[in-house]
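Overview (structure and organization)
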Amino acid sequence: MNFESFRRINEERGARWHGGDLASWSVSDWAVAMGGECGEALNAVKKLRRVEDEIPNISDPDRQLSTREEAIAKIGEEIADTVIYADLFCTRLGLRLEDVVRKKFNETSVKYTLPERL
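Calculation criteria
- Residues numbered from 1 in each chain as written.
- Predicted model: local features only at pLDDT ≥ 70, side-chain atom pairs only at ≥ 80, totals over all residues.
- Heavy atoms only, no water.
- Helix = DSSP H or I, 4+ residues; strand = E, 2+ residues; numbered from the N terminus.
- Rg over C-alpha atoms; globule rule 2.2 N^0.38 Å.
- Buried < 20%, exposed > 50% of the residue type's maximum accessible area, 1.4 Å probe, protein only.
- Contact = heavy atoms within 4.5 Å.
- Areas by Shrake-Rupley, 256 points an atom, 1.4 Å probe, with all protein chains shown as cover.
- Lys, Arg positive; Asp, Glu negative; His and termini not counted.
- Charge placed at Lys NZ, Arg CZ, Asp CG, Glu CD.
- Expected span 1.5 Å × (residues − 1).
- 1 Å grid on protein atoms, 1.4 Å probe; cavity = no way out; pocket = protein on both sides within 12 Å on 5 of 7 lines; lining within 4 Å.
- Points joined across faces, edges and corners; volume = space filled by probe spheres on them.
- Axes fitted to C-alpha atoms, helices over the stretch in contact; angles between N-to-C directions.
- Parallel < 35°, antiparallel > 145°, perpendicular 65-115°, else oblique.
- Nonpolar A, V, L, I, M, F, W, Y, C, P; charged D, E, K, R; others polar.

This part is about the overall build of the protein. Counting its secondary structure elements, the protein contains 4 helices and 0 strands. The linear arrangement of helices and strands in the protein, starting from the amino end, is α-α-α-α. Its C-alpha atoms give the protein a radius of gyration of 17 Å, clearly above 13 Å, the size a compact globule of 118 residues would have. Across its three principal directions, the C-alpha atoms of the protein cover 45 × 45 × 25 Å. The proportion of buried residues among the 118 residues of the protein is 27%. Contacts in the protein between residues far apart in sequence, at least 24 positions, make up 53% of those at least 6 positions apart. Carbon and sulfur atoms make up 59% of the accessible area of the protein, which totals about 8100 Å². Of note, the protein has its 18 positive side-chain charges centred 5 Å away from the centre of its 22 negative side-chain charges.

This is the structure:
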């Protein structure tokens, strides 16, 4: 998988899911969706910390994360959801995730005089 194939398939699935039109959701709708997934990742991080500190995680049985492995797997799922929505958010804005990531990565490398470039 690469950014381009991901973007193409993600856009196709997203359009199908949204009745053929990603523009049916506003820019703020896509931003909120992405933020919601990031928040879910952070919630799983909180639960991981509780597992590590042996503090009981008291929540709905469907949302219970009782082991380090469960919490890490959940964090991974929510990071993936965040990236998927970030790509759809970029698409809605007429941006390409690959381009904005490359640009920002390289700008940060230049700013901090680091040799790595994309």
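Next up on the list: helix α2 (residues 27-52). Along its 26 residues, α2 runs 38 Å from first to last C-alpha, staying within 8% of the 38 Å computed at 1.5 Å per residue. Restricting attention to buried positions, one finds in α2 the residues W30, A33, E37, A41, N43, A44, K47, L48 and V51. Buried residues along α2 sit against α3 (68-93). Taken from the residues just after α2, E54 is the one with a positive phi, measuring 60°.

This paragraph deals with empty space enclosed by the protein. Taken as a whole and assessed by the stated rule, the structure comprises 1 cavity of 30 Å³ or more. Considering only enclosed or pocket space, the largest cavity measures out at about 30 Å³ in volume. Lining the largest cavity we find F3, E4, R7, D87, R96, L97 and E98. Among the elements of the structure, α1 (3-17) and α4 (97-111) are those that each provide at least two residues to the lining of the largest cavity.

Glancing now at the packing of α1 against α3. One way to put it is that α1 packs onto α3 with a least axis distance of 10 Å and a crossing angle of 85°. When the axis of α1 is compared with that of α3, the two are roughly perpendicular. Across from F6, R7, N10, E11, R13 and G14 in α1, the residues of α3 making contact are V83, I84, D87, L88 and T91. Looking at the contact of α1 with α3 residue by residue, the class counts come to 4 nonpolar, 3 polar and 4 charged.

Functional significance is not addressed by these values, which are geometric in nature.
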